Amino acid sequence: MGVNYQTVLWNKNKKVYDKWIGIGILVYLICFIGITVATNPATSIETLIIRAFGTLAIALLHIVLVIGPLARLNTNFLPLLYNRRHLGVSMFLAALVHGGFSIFQFHSLGNVNPIYALVTSNMDYDSLTHFPFQVLGFFALIILFLMASTSHDFWLKNLSPKTWKRLHMLVYFAYALIIMHVFLGAFQQQPSFASIGILIFGFIIIASLHLIAAFKETRIDATVTQDTEDGWEYVCDVNDIPEDRAKIFIVEKERVAVFKYNNQLSAISNVCKHQGGPLGEGKIVDGCVTCPWHGYQYLPHNGQSPPPFTEKVATYELRIQNKKVYILPTPLPEGTEVTPILI
Amino acid sequence: METLIKIIPVLILIYFGIGVLFGIYFFAKGAAKIDSLISESKWTVRLFLVPGAIGLWPILLIKILKTSKS
């Protein structure tokens, strides 16, 4: 949404959030190394680093993956969603340390290129018990690299939000690769039922939260408008919409958010231009509809981001009769001004 | 199967090798060709974009070529 690009868009909240990420990572590493050294003093420093950062990356990946559905289910988690980008990059850096040290320790001491050695040193690709699990981790690392390296608004704008979103949805493929990487690795080396149990628990949590969030989405999609005689469709009673908030409805298969503010109503598309965030789950801040995901703003009466920003969403015409709100289902071109209706 | 597996790391190395060369070009000129806002931003932003350019160089190359033609 910026008028020029910054390396990192810092603000006070992000700094606090990043400080907590740093403290969390440090505490985890100290605890992991302390417990490992106390219980298994023979562990080499390289193995310690590989395992500490590997488990750290998996823990962070789980947190990254649950933030989305948690924010859909409870708005208290929205600040985490707003700041998720830095957590994702931290997760990649932890995975990079894990992968880098692993490749260095196991594949870089011969006279063959380490990447070539990684893929070809164990050719048991048709065996489950001897499968070269490191290769799965390597491909997951490549996906995480592509995601972390495109975690900047430049990429979102120039790859297009749709392509960018598709690229970042690969995190689920990376997660599957990592699960297989850990399971096959654990079975081939020192089977630890505790770590396998934690991983299964994590998978159940992630899958359950996504399913519950998807169920909630289907309930929103079930909130459709009702036809009336002259092309207008009944939306809801005006009192059903909270002040400075919206109700979301399906109009002509599109999600539309009807906002109530300053004793008036306006309707705009529910889909934020930034990352497709649900505008109708945001609120009016400083006179603007504010996306709950990343704070992108739109004026409710014309769907335009306040100058100098240029994002626009479609607007809709509303009317009110006996406290009942009606909408014309055809969207107006993005950024079209519509006079708000007085309640 | 074995030959295919041996080709994969070579392809990866070639892909990222070209990516590194493209990343240098992207830092110097390419980024500004596809987005004029880059010219108004600090050089550190362009540096920050280099890893992404290394990873996604085919998409960016097509974009730059299209921009140059139009």
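Residues numbered from 1 in each chain as written. Chains lettered and ligands numbered in written order. Predicted model: local features only at pLDDT ≥ 70, side-chain atom pairs only at ≥ 80, totals over all residues. Heavy atoms only, no water.

In the annotation of an unreviewed UniProt entry, chain B is listed under the name Phospholipase_D-nuclease N-terminal and assigned to Aquimarina spongiae.

The name given to chain A in an unreviewed UniProt entry is Ferredoxin subunit of nitrite reductase or a ring-hydroxylating dioxygenase, with Aquimarina spongiae as the source organism. The record in UniProt for chain A states the following under Sequence similarities (unreviewed entry): "Belongs to the bacterial ring-hydroxylating dioxygenase ferredoxin component family." (UniProt positions renumbered as here; feature names shortened; annotations may be inferred.)

(A) Up close: a nonpolar patch on the surface. Taken together, the side chains of Ile7(B), Val10(B), Leu11(B), Ile14(B) and Ile18(B) present a nonpolar region at the surface, about 410 Å² in accessible area. With respect to the element layout, Ile18(B) can be found in helix α1 (residues 2–34). (Patch = residues over 30% accessible without salt bridge, like charges linked within 9 Å, V, L, I, M, F, W, Y side chains within 5 Å. Areas by Shrake-Rupley, 256 points an atom, 1.4 Å probe, with all protein chains shown as cover. Salt bridge = Lys/Arg side-chain N within 4 Å of Asp/Glu carboxyl O. Helix = DSSP H or I, 4+ residues; strand = E, 2+ residues; numbered from the N terminus.)

(B) Up close: the nonpolar core. The biggest cluster of nonpolar side chains holds 82 residues, and the ones touching the most others in it are Phe154(A), Trp155(A), Phe259(A), Leu279(A) and Phe26(B). Built from parts of two domains, this core gets at least three residues from each of domain 1 (12–220) and domain 2 (226–342) of chain A. Ignoring any residue separated from it by four or fewer positions in sequence, one finds Leu279(A) in contact with Phe259(A), Ile268(A), Ser269(A), Asn270(A), Val271(A), Cys272(A), Val289(A), Cys291(A), Pro292(A), Tyr298(A) and Val313(A). With 15 residues, the next largest nonpolar core counts Val238(A), Phe249(A), Val256(A) and Val325(A) among its residues. (Core = buried A, V, L, I, M, F, W, Y, C linked by side-chain atoms within 4.5 Å. Buried < 20%, exposed > 50% of the residue type's maximum accessible area, 1.4 Å probe, protein only. Domains from an automatic or database assignment. Contact = heavy atoms within 4.5 Å.)

(C) A look at the sheet that holds strand β8 (residues 297–298) of chain A. Residue and element names in this part refer to chain A. An order of β6-β7-β8 is seen for the three strands of this open sheet, with the pairing classed as antiparallel. Looking at the sheet topology across the chains shown, the edges are occupied by β6 (283–285) and β8. In terms of strand pairing, β6 meets strand β7 (residues 288–290) through three bridges, oriented antiparallel. Residue pairing for β7: Lys283 is matched across the bridge by Thr290. (Pairing = 2+ DSSP bridges.)

(D) Structural context of the UniProt feature "domain: Rieske" (unreviewed entry) in chain A. The sites that carry the UniProt feature "domain: Rieske" (unreviewed entry) are, in the present numbering, residues 233–327 of chain A. Spanning residues 233–327 of chain A, this segment combines 0% helix with 46% strand, and its end C-alpha atoms are found 5 Å apart.

(E) Spotlight on the UniProt feature "transmembrane region" (unreviewed entry) in chain B. Residue and element names in this part refer to chain B. Using the residue numbers shown here, the UniProt feature "transmembrane region" (unreviewed entry) corresponds to residues 7–28 and 48–65. In this annotation, residues 7–28 is assigned 100% helix and 0% strand; the end-to-end C-alpha distance for the span is 32 Å. The distance from the first to the last C-alpha atom of residues 48–65 is 22 Å, and the span holds 94% helix and 0% strand.

(F) Broad picture of the interface of chain B and chain A. Counting from both sides, the interface comprises 30 residues of chain B and, opposite them, 28 residues of chain A. Carbon and sulfur atoms supply 79% of the area that chain B and chain A bury against each other, a total of about 2400 Å² over both sides. Run the count over chain B and chain A and you get one salt bridge. Note that Asp35(B) and Lys157(A) form a salt bridge whose closest N and O atoms lie 3.3 Å from each other. Counting the contacts that link chain B with chain A gives six residue pairs in polar contact (both at pLDDT 80 or more). (Buried area = accessible area lost by both parts, 1.4 Å probe. Polar contact = N/O pair within 3.5 Å; in protein donor to acceptor, adjacent residues only side chain to side chain.)

(G) Expanded view of the UniProt feature "transmembrane region" (unreviewed entry) in chain A. All names here are of chain A. Under the UniProt annotation, the feature "transmembrane region" (unreviewed entry) is placed at residues 20–42, 48–67, 87–108, 128–148, 169–187 and 193–215. Taken end to end, residues 20–42 has its terminal C-alpha atoms 32 Å apart, with 87% of it in helix and 0% in strand. Structurally, residues 128–148 is divided into 76% helix and 0% strand, and its ends, taken at the C-alpha atoms, are 31 Å apart.

(H) Fine view of the pattern of salt bridges. Counted by the stated rule, this structure contains five salt bridges over all chains. Between Arg85(A) and Asp153(A) there is a salt bridge, with the nearest N and O atoms lying 3.2 Å from each other. Linking Arg85(A) in helix α4 (residues 84–107) with Asp153(A) in helix α7 (residues 153–159), this pair joins segments that are 68 residues apart in sequence. For Arg85(A), a relative accessible area of 27% puts it in the partly exposed group. On the accessibility criterion, Asp153(A) (17% relative accessible area) is buried. When the shortest N-O distance is used, the salt bridge between Glu2(B) and Lys6(B) registers 3.6 Å. You can see Glu2(B) and its partner Lys6(B) sitting in helix α1, four residues apart, about one turn around the helix.

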